[in-house]
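What the coordinates show
The residues making up each chain are set out below.
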Amino acid sequence: MESGVLFMDVITIGDAMIAMCPVKKGPIIFSDTFERKIGGAELNVAIGCSRLGLKAGWISRLGNDDFGKYILKTVRGEGIDTSEVKFVDGYPTSVYFREVLADGSSRSFYYREKSPTSTMKCKDLNEDYFKEAKILHITGVFPSITKNNQDIILEAVKLAKKHNLTVSFDPNIRLKMWTKEEAKSYIEKILPDVNVILIGDEEIEILLGETTIEAAIETFHGYGIEKVVVKKGAKGALGSDGKNVYEVEAIKPKALVDTVGAGDGFAAGFLTELVKGKSLEECVRFANAVGSLVVGVEGDNEGLPYYDDVLVHLGQAKKVER
């Protein structure tokens, strides 16, 4: 849908959805009015990276309907390359409804059984698109939708390794989409080709069983993963390069409004600093800051900040309000 793009800092593959977000907080059974927004884990990361100044590309398929056209228009407006996004007939754009409670916690209800991305084939991946990129970022969400998507990700990782891209992986395990056993079995196929893993502390048990964070870090390094980052929510995060472990405190959010998208913001922040050549500790600190800004705004990606906003939040810059 666009052409002439020769270089990308980050490319990602994922299903986009229309996000139906409640106007008022509370149980969804009592929510009568919803706002139309967009969502999708991998797309959120692409938006986050673009706002932070990276050149981001997104590979996907959208339903040839008004929802799909709305998503494409919005994504283009964020400055993301969409040359590898195509419309397909007969497969409606995915939709999900959200429940947001007063404490900022939420639940998601998916309607994506006939996702447009299920029409993709491994041969549809444009190898030239990988040749000119630095990082391939993948998550566990896309392969959890269909078996077809699992094959697509394995092929994408193969192309990334062939052309020396850094493979970044966020397990982002959604047990509404697949079982623990299915997630573990598939993710184990990916781990040997991963360079950076960004994992939530609660996901460690699913992949490795009962273990400590320290032991889990050693296990992940044993797969050959160079940078292991464990997200601990309000307790901060830690990063390991195999030699040193850096414990980075959380940055207190200005407000806790909506926790959805915080992990995607964390990933975008981490990858942005990684591209800039920052140290692992700096990458984690910046990622923490992005995540803490995201939770202060309702929506999947509305709270994703611009680079200067993060510097202000870190106390490294000042913002003149008036």
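The text that follows walks through the structure, step by step, so that each part is easy to find. Everything numeric in this text was worked out from a predicted model, so none of it was measured. Numbers given to residues run from 1 along each chain, matching the order in which its sequence is written. The predicted origin of the model limits local features to residues at a pLDDT of at least 70 and limits the giving and counting of side-chain atom pairs to 80 or more, whereas totals for whole chains, interfaces and linings rest on all residues. Note: side-chain values were computed over all heavy atoms of the structure, leaving out hydrogens and water.

Our next topic: the packing of helix H1 (residues 41–51) against helix H9 (residues 262–275). Helix axes are fitted only over the stretch in contact, all axes being lines through C-alpha atoms; the angle between N-to-C directions runs from 0 to 180 degrees. Helix and strand assignments follow DSSP, with helices taken as H or I runs no shorter than four residues and strands as E runs no shorter than two, numbered in order from the N terminus. Running from N to C, H1 and H9 point in directions that differ by 45°, and their axes come no closer than 8 Å. One finds that H1 runs oblique with respect to H9. Of the two elements, H1 crosses H9, and the hand of that crossing is right-handed. Between H1 and H9, the contacting residues are Ala41, Asn44, Val45, Gly48 and Cys49 on the first element and Asp264, Ala267, Ala268, Leu271 and Thr272 on the second. Here the word oblique covers every angle except those under 35 degrees (roughly parallel), over 145 (roughly antiparallel) and from 65 to 115 (roughly perpendicular). Note: crossing handedness is left-handed where the near helix turns anticlockwise from the far helix by less than a right angle, and right-handed where it turns clockwise. When checking whether two residues touch, look at their non-hydrogen atoms; a contact exists if any pair is within 4.5 Å.

With that settled, the discussion passes to the state of the cysteines. To count as a disulfide, a pair of cysteine sulfur atoms needs to be within 2.5 Å. All chains considered together, the criterion is met by zero disulfides. Cysteine Cys49 shares no disulfide, and the gap to the nearest cysteine sulfur, in Cys283, comes to 12 Å.

Before going further, it helps to spend a moment on the sheet that holds strand E8 (residues 133–139). Pairing between strands requires that DSSP locate at least two bridges from one strand to the other. Pairing within the open sheet is mixed, and its nine strands lie in the order E5-E4-E1-E8-E9-E10-E11-E12-E13. Among the strands making up the open sheet, the edge pair consists of strand E5 (85–88) and strand E13 (245–248). The mean inter-strand angle of the sheet, taken between neighbouring strand axes irrespective of direction, is 15°. Taken together, the four bridges between strand E12 (residues 237–240) and E13 define a ladder with antiparallel strand orientation. Of the residues in E13, the one forming a bridge with Leu238 is Glu247. Along the sheet, helix H2 (residues 66–77) contacts strand E4 (56–63) and E5; its crossing angle with E4, the most-contacted strand, is approximately 170°.

This paragraph deals with the side chain of Glu78. With respect to the secondary-structure elements, Glu78 resides in the loop between H2 and E5. For this analysis, a polar contact is any N or O atom pair within 3.5 Å, provided that within protein one partner can donate a hydrogen and the other can accept it, and provided that sequence-adjacent residues contribute only side-chain to side-chain pairs. Only 2.7 Å separates the side chain of Glu78 from the side chain of Arg51, close enough to count as a polar contact. Not counting the four nearest positions on each side in its chain, Glu78 is found in contact with Ile47, Ser50 and Arg51.

A few words on the pairing of E4. Three exposure classes are used, based on accessible area relative to the maximum for each residue type with a 1.4 Å probe and protein chains only: buried under 20%, partly exposed in between, and exposed over 50%. Within E4, eight of the eight residues are buried, leaving the element largely enclosed by the surrounding structure. Residues Ala56, Trp58, Ser60 and Leu62 point to one face of E4 and Gly57, Ile59, Arg61 and Gly63 to the other, with burial holding for every one of them. Summarising the sheet, strand E1 (residues 8–13) and E4 pair through four bridges and their orientation is parallel. From the neighbouring strand, Val10 faces E4, where its bridge partner is Ala56. Relative to E5, E4 runs parallel, the two sharing four bridges. For Leu62, the partnering residue across the bridge sits in E5 and is Phe87. Remark: the E4/H2/E5 crossover connection has right-handed handedness. For the handedness criterion, the strands are oriented away from the viewer, and a crossover whose path from the first strand over the helix to the second runs clockwise is classed as right-handed.

Further remarks concern the sheet that holds strand E2 (residues 17–22). Across the sheet, four strands lie side by side as E3-E2-E6-E7; this open sheet has mixed pairing. Pairing within the sheet leaves two strands with one partner each, and these edge strands are strand E3 (34–39) and strand E7 (106–111). Taken pair by pair, the neighbouring strands of this sheet meet at an average axis angle of 25°, ignoring direction. Two strands pair when backbone bridges link them, and E2 and strand E6 (residues 94–100) are joined in this way by four bridges, in the parallel orientation.

What follows concerns the packing of H9 against helix H10 (residues 280–294). Interhelical geometry of H9 versus H10 gives an angle of 145° and a closest axis separation of 7 Å. For the pair H9 and H10, the sense of crossing is right-handed. Of the residues in H10, those in contact with Ala262, Gly265, Phe266, Gly269, Phe270, Glu273 and Leu274 of H9 are Leu280, Glu282, Cys283, Val284, Phe286, Ala287, Asn288, Val290, Gly291 and Val294. For this scheme, ten residues count as nonpolar: Ala, Val, Leu, Ile, Met, Phe, Trp, Tyr, Cys and Pro. Four count as charged, namely Asp, Glu, Lys and Arg, and the remainder, Gly too, count as polar. Class assignment for the residues of the contact of H9 with H10 results in 11 nonpolar, four polar and two charged.

Turning our attention to the packing of aromatic side chains. Two aromatic rings from Phe, Tyr or Trp, using only the six-membered ring of Trp, form a pair when their centres are within 6.5 Å; if the ring planes differ by under 30 degrees the pair is stacked, by over 60 it is edge-to-face, and anything between is tilted. On inspection of all chains with the given rule, the structure shows five aromatic pairs. Between the aromatic rings of Tyr96 and Tyr110, the centroid separation amounts to 5.6 Å while the plane-to-plane angle is 25°, which identifies the pairing as stacked. Separated by 14 residues along the polypeptide, Tyr96 in strand E6 and Tyr110 in strand E7 bring together distant segments of the chain. Each member of the pair Tyr96 and Tyr110 is classed as buried. Site record: aromatic cluster; members linked through ring pairs are Phe34, Phe97 and Tyr111. Between the NZ or CZ atom of Lys176 and the centre of the ring of Phe109, over which it lies, the distance is 4.4 Å. Criterion for a charge above a ring: Lys NZ or Arg CZ within 6 Å of the ring centre, and within 35 degrees of the ring normal.

This part takes up the environment of Trp178. Topologically, Trp178 is positioned in the loop between strand E9 (166–170) and helix H6 (180–190). Among the residues examined, Trp178 registers a relative accessible area of 5% and is labelled buried. Taking the C-alpha atoms as reference, Trp178 lies 9.3 Å from Val141; in sequence the two are 37 residues apart. What Trp178 contacts, discounting residues up to four positions off in sequence, is Gly140, Pro143, Ser144, Gln150, Ile173, Ala183, Tyr186 and Ile187.

Moving on, we come to H2. It helps to recall that an α-helix has 3.6 residues per turn; residues three or four apart then point in one direction. To estimate the expected span of a helix, count its residues, drop one, and scale the result by 1.5 Å. Over its 12 residues, H2 extends 16 Å from the first C-alpha to the last, a length consistent with the 16 Å expected when each residue adds 1.5 Å. Those residues of H2 lying buried are Gly68, Tyr70, Ile71, Leu72 and Val75. Those residues of H2 hidden inside the fold are in contact with E2, E3, H1, E4 and E5. Gly79 sits one or two residues past H2 and shows a positive phi near 85°.

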